[in-house]
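Inside the fold
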Amino acid sequence: MPAAATPPRPDPRPLTGEPLALDLLNTRWMADGVERDLLDDTDGLAVWLAANALDDRFTADEAALCHVRAARDALLTAVGGRPGDGTEAVDAVLAQGRIRVTLTAEGPGERAEFDDPSWGPAWLAARDYLRLLGTAPDRIRGCAHEACTLHFFDTSRNGTRRWCSMASCGNRAKASRHYARSRDT
C-alpha cells in the first residue's frame with residue numbers, strides 16, 4: 001500500500017486568493033523588513049499549487065519550481081515595468097503550452113496542453129495574466145505602501161483600491177500619516 005502524501009505546510013503568505021498570475025507574484029513578500037520567498041524550495045511550490053487547486057494536476061518537483069520562478073520573474077517585469085517590458089519573457093513561458101479547443105457534452109471547451117507537464121503551472125499563470133490584461137489592465141495593481149511588494153486585482157466598485165489589505169498596509173499608512181501630523185503640531 002503506497003504511503004499517503006504529506007499535506008503541504010500552511011500557506012504563510014499575508015495575501016492569498018488573488019488571480020493565479022498575481023498570486024504567483026505574491027509568493028514573495030516582506031515580513032518584519034525581510035523578504036520572504038515561498039518558492040525557495042519544492043515544499044513551498046507544493047503549498048502554492050495546493051492554494052490554487054493545481055496540486056491534483058501537477059507535481060511540485062525541481063523542474064516545475066524552476067519554470068514557475070521564471071514565470072514569476074517574467075510577470076513581475078511585465079506588471080511592474082513600462083508598457084512592453086517583459087513581453088518576450090512572458091511569451092517564452094507561453095510558448096511552452098497551447099490551448100486545444102474541444103467539444104464536450106456540455107458544449108465547446110478548451111484544454112491546456114503541454115509538451116512538458118512541468119511547465120503547466122507556469123504557463124497557466126502566464127495565461128491568466130493575459131486574461132487579466134483582457135479584462136481590466138488598469139486594475140492590476142501593486143500595493144501603495146512603500147514597504148509592501150504584494151499585488152492585487154482591484155475588484156472594488158469604483159476601482160480605487162490602493163492597499164493589498166486595509167487591515168495591514170492601509171492601517172500602517174494611516175498610522176504613519178497620523179504620527180506625522182501629531183509630530184508636526
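This write-up is about the structure you can find in this document. (Residues numbered from 1 in each chain as written. Predicted model: local features only at pLDDT ≥ 70, side-chain atom pairs only at ≥ 80, totals over all residues. Heavy atoms only, no water.)

1. Focus: the overall build of the protein chain
When you go through the protein chain residue by residue, the secondary structure sums to six helices and six strands. Across the protein chain, helices and strands are ordered from the amino to the carboxyl terminus as α-β-β-α-α-α-β-β-α-β-β-α. Scored against the burial criterion, the 185 residues of the protein chain give a buried share of 38%. Relative to all contacts within the protein chain whose residues are 6 or more apart in sequence, the contacts with residues 24 or more apart total 48%. Carbon and sulfur atoms make up 52% of the accessible area of the protein chain, which totals about 10,900 Å². (Helix = DSSP H or I, 4+ residues; strand = E, 2+ residues; numbered from the N terminus. Buried < 20%, exposed > 50% of the residue type's maximum accessible area, 1.4 Å probe, protein only. Contact = heavy atoms within 4.5 Å. Areas by Shrake-Rupley, 256 points an atom, 1.4 Å probe, with all protein chains shown as cover.)

2. With respect to the nonpolar core
One finds Leu 24, Leu 45, Trp 48, Leu 75 and Cys 164 to be the most contacted residues of the largest nonpolar core, which totals 44 residues. Those elements giving two or more residues to this core turn out to be α1 (20-25), α2 (42-51), α3 (62-80), α4 (87-94), α5 (120-135) and β6 (151-153). When sequence neighbours within four positions are dropped, the list of residues in contact with Trp 48 reads Arg 13, Leu 20, Asp 23, Leu 24, Thr 27, Leu 38, Leu 39, Leu 54, Val 68 and Pro 121. (Core = buried A, V, L, I, M, F, W, Y, C linked by side-chain atoms within 4.5 Å.)

3. Structural notes on the packing of α2 against α3
Running from amino to carboxyl end, α2 crosses α3 at an angle of 70 degrees, the nearest separation of the two axes being 10 Å. Taken together, the axes of α2 and α3 lie roughly perpendicular to each other. Between α2 and α3 the crossing geometry is left-handed. Across the interface between the two elements, Thr 42, Leu 45 and Trp 48 of α2 pack against Glu 62, Ala 64, Leu 65 and Val 68 of α3. When its residues are assigned to classes, the contact of α2 with α3 shows five nonpolar, one polar and one charged. (Axes fitted to C-alpha atoms, helices over the stretch in contact; angles between N-to-C directions. Parallel < 35°, antiparallel > 145°, perpendicular 65-115°, else oblique. Left-handed = near helix turned anticlockwise from the far one by under 90°. Nonpolar A, V, L, I, M, F, W, Y, C, P; charged D, E, K, R; others polar.)

4. Remarks on the side chain of Glu 113
Tracing the backbone shows Glu 113 in strand β4 (residues 107-114). The exposure class assigned to Glu 113 is buried, which follows from its relative accessible area of 16%. Among the polar contacts listed, one links the side chain of Glu 113 to the side chain of Arg 100, at a separation of 2.8 Å. Within the structure, Glu 113 has its side chain in polar contact with the side chain of Arg 111 (distance 3.3 Å). Other than its neighbours up to four places away in sequence, Glu 113 contacts Gln 96, Gly 97, Arg 98 and Arg 100. (Polar contact = N/O pair within 3.5 Å; in protein donor to acceptor, adjacent residues only side chain to side chain.)

5. Brief notes about the packing of aromatic side chains
In total, this model carries two aromatic pairs according to the counting rule given. Look at Phe 58 and Phe 114: their rings are 6.0 Å apart centre to centre, the planes differ by 65 degrees, and that puts the pair in the edge-to-face class. Separated by 56 residues along the polypeptide, Phe 58 in the loop between α2 and α3 and Phe 114 in strand β4 bring together distant segments of the chain. You'll find Phe 58 and Phe 114 in the same group, each marked buried. Each ring, one from Phe 114 and one from Trp 123, has its centre 5.4 Å from the other, and the planes form 75 degrees; the classification is edge-to-face. By way of ring pairs, the aromatic residues Phe 58, Phe 114 and Trp 123 are connected into one cluster. The side chain of Arg 161 reaches across the aromatic face of Phe 152, ending 4.0 Å from its centre. (Phe/Tyr/Trp six-rings, centres within 6.5 Å; stacked < 30°, edge-to-face > 60°. Lys NZ or Arg CZ within 6 Å of the ring centre and 35° of its normal.)

6. Describing α5
Compared with the 22 Å implied by 1.5 Å per residue over 16 residues, the 22 Å span of α5 between its first and last C-alpha is a close match. Of all the positions in α5, only Gly 120, Pro 121, Ala 122, Trp 123, Leu 124, Ala 125, Ala 126, Asp 128, Tyr 129 and Leu 132 are classed as buried. (Expected span 1.5 Å × (residues − 1).)

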